[in-house]
Amino acid sequence: MWVFLEQTGGQVAPVSFELLGAGCRLADALGVDLAGVLLGHNIAPIASEAIVYGADIVYVIDDPILENYRTKPYMQSVVSVVRKYRPEIMLIGASTLGRDLAGAVATELRTGLTADCTGLEVDPETRLLHATRPTFGGNLMATILCPEKKPQMATVRPRVMDIPPRDPSRRGRIILEKLEVREEDIGTKLLEFISDEKIEEANLEYAEVIVSGGRGMGGPENFHLLRELAQLLGGEVGASRAPVEAGWVDVSHQVGQTGKTVRPKLYIAVGISGAVQHLVGMQGSDVIVAINKDPHAPIFNVATYGIVGDLFQIVPALVKELRERLPQQEQLQD
């Protein structure tokens, strides 16, 4: 059972730790070790941290060529260790990097890949991975098997699994492997890395509070209500698919089947009817508050608290009440 440990600039993608938690459960069911695969440069601390989070073995390729992600050297490095050690299952986070890498690795190994999974189980008898993902626009859940090829591969959405607790007492093995790619054989070079500030602002996947708007917001000019409420709560602004497709908000704010999966402590759905495609991405939230004028809206079926009424009256009232109860927030904002 392998997990690809994604890192950028020495910072581990949280989805990698989430997959170590899931991988540990699956490895125990199969009676095998859980291994991590780590590529990069000067990454020794990450290997040790992976063991603390559940890995029994970490295969490391540390080389300046791997300092920044490029598809070819990363793909060839992963393929080389897979062919050497022959894992049964390999899990990769469904991040931008992970989706690119997983497709390239699966193609080179000529094996199957189930993308954007939200559930993972194994059958100890057949040793098959049961990878579950939404399909047909989120209207159905499909469980996909790959019985003929190894490794069985799956990418998993961030925030659908829990990060396991750290256990500093854990011990494991770190195995160093050599890079088998030369710089002159790589057709691309990274000239400059420019961070996308827009996406950084819409850091939905790990936000503790999200205030999302749907078609009921009526237009882009009304999203300022949600921004004000989110700011008072120290949260982020999200959206369902309809406002994104209408151009009211950027796609980086989209929550749902074709957007991001989120698990905040508080999710406030404003003017969102609750189509299955949206529910897939947010129903794991700890507390869900729904505001909608339609008492029969499906969103109320998953809501912890529901408010039936006009959002243009309710949201300003919430903002006013919060300003009175949280004066320090108002001072910070001003």
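Keep in mind that what you see is a predicted model, and the values were worked out from it rather than measured.

### Examining the pattern of salt bridges
- One pass over the full model with this rule turns up 16 salt bridges.
- Measuring nitrogen to oxygen at the nearest pair gives 3.8 Å for the salt bridge that ties R241 to E245. With R241 and E245 both in helix α7 (residues 241–245) and 4 residues apart, the pair spans about one turn of that helix.
- Exposure remark for E245: the relative accessible area of 62% places this residue in the exposed category.
- Here the salt bridges share partners, and the residues they tie into one network are R70, E183 and K189.

### Things to note about the sheet that holds strand β14 (residues 236–239)
- Reading across from one edge, β14-β13-β15-β16-β17 is the order of the 5 strands in this open sheet, with parallel pairing throughout. Where the open sheet ends on each side, the last strands, each with one partner, are β14 and β17 (305–308). Along the sheet, successive strands turn relative to each other by an average axial angle of 20°, direction set aside.
- Along the sheet face, helix α6 (residues 224–233) touches β13 (209–213), β14 and β15 (266–270) and points at about 170° away from the line of β13.
- Of the strands in this sheet, β15, β16 (287–292) and β17 touch helix α9 (residues 311–325), which is tilted by about 135° from β16.

### Focus on the packing of α6 against α9
- Where α6 contacts α9, the two axes come as close as 10 Å, and the packing angle between them is 30°. As summarised for this structure, α6 and α9 are arranged roughly parallel, according to the angle between their axes. α9 is crossed by α6, and the crossing has left-handed handedness. Contacts between α6 and α9 involve L225, E228, L229, L232 and L233 from the first element and F312, V315, P316, L318, V319, L322 and R323 from the second.
- A per-class count over the contact of α6 with α9 returns 10 nonpolar, no polar and 2 charged.

### Some remarks on the packing of aromatic side chains
- On inspection of all chains with the given rule, the structure shows 5 aromatic pairs.
- Ring geometry for F17 versus Y53: centroids 4.1 Å apart, planes at 20°, classification stacked. Taken together, the residues span a long stretch of sequence, with F17 in helix α1 (residues 14–30) and Y53 in the loop between α2 (44–52) and β5 (57–62) at a distance of 36 residues.
- For F17, a relative accessible area of 12% puts it in the buried group.
- Ring geometry for Y69 and Y74: centres 4.9 Å apart, planes at 75°, overall edge-to-face.
- By relative accessible area, which is 2% here, Y74 ends up buried.

### Considering the pairing of β15
- Across the 5 residues that make up β15, a large majority, 4, are buried.
- Where β13 and β15 come together, 5 bridges link them in parallel fashion. In the sheet register, G213 faces β15, and the bridge partner there is V270.
- By the bridge criterion, 5 bridges tie β15 to β16 in an arrangement that is parallel. The residue of β16 that forms the bridge with L266 is V287.
- With helix α8 (residues 276–282) bridging β15 and the parallel β16, this β-α-β connection has right-handed handedness.

### Section: the side chain of T132
- Within the element layout of this structure, T132 appears in strand β9 (residues 128–135).
- For T132, the side chain forms a polar contact with the side chain of T143, separated by 2.9 Å.
- The residues contacting T132, other than those within four sequence positions of it, are C117, T118, G119, M141, A142 and T143.

### Things to note about α6
- Within the sequence span of α6, burial applies to L225, L226, L229, A230 and L232. One side of α6 holds all its buried residues, which, seen down the axis, span an arc of 160°.

### Comments concerning the nonpolar core
- Counting residues in each nonpolar core, the largest one holds 35 residues, and the members touching the most others are M1, L20, L38, V58, L91, L120 and L129.
- Mapped by element, the contributors of at least two residues to this core are β1 (2–5), α1, α2, β5, β6 (89–93), β8 (119–123), β9 and β11 (152–156).
- Here this core gets 8 residues from one element, more than from any other, and that element is α1.
- Once you skip the residues sitting within four places of it in the chain, L91 turns out to touch M1, W2, V3, F4, L19, G23, L26, L120, L129 and A154.
- Core analysis: the second largest hydrophobic core is formed by 28 residues, L66, M153, L179 and I186 among them.

### Some remarks on the sheet that holds β9
- Taken together, 3 strands build an open sheet; the order of strands is β8-β9-β10 and the sheet is antiparallel. On the outer flanks of this sheet lie β8 and β10 (140–144), each paired with one strand and no other. Sheet twist, expressed as the mean angle between neighbouring strand axes with direction ignored, is 25°.
- Of the pairings in the sheet, the one linking β8 to β9 comprises 5 bridges and is antiparallel in character. Each bridged residue has a counterpart across the sheet, and for L120 the counterpart in β9 is A131.

Basis of the calculations
Residues numbered from 1 in each chain as written. Predicted model: local features only at pLDDT ≥ 70, side-chain atom pairs only at ≥ 80, totals over all residues. Heavy atoms only, no water. Salt bridge = Lys/Arg side-chain N within 4 Å of Asp/Glu carboxyl O. Helix = DSSP H or I, 4+ residues; strand = E, 2+ residues; numbered from the N terminus. Buried < 20%, exposed > 50% of the residue type's maximum accessible area, 1.4 Å probe, protein only. Pairing = 2+ DSSP bridges. Axes fitted to C-alpha atoms, helices over the stretch in contact; angles between N-to-C directions. Contact = heavy atoms within 4.5 Å. Parallel < 35°, antiparallel > 145°, perpendicular 65-115°, else oblique. Left-handed = near helix turned anticlockwise from the far one by under 90°. Nonpolar A, V, L, I, M, F, W, Y, C, P; charged D, E, K, R; others polar. Phe/Tyr/Trp six-rings, centres within 6.5 Å; stacked < 30°, edge-to-face > 60°. Right-handed = clockwise from strand over helix to strand, strands pointing away. Polar contact = N/O pair within 3.5 Å; in protein donor to acceptor, adjacent residues only side chain to side chain. Arc of directions from axis to C-beta. Core = buried A, V, L, I, M, F, W, Y, C linked by side-chain atoms within 4.5 Å.

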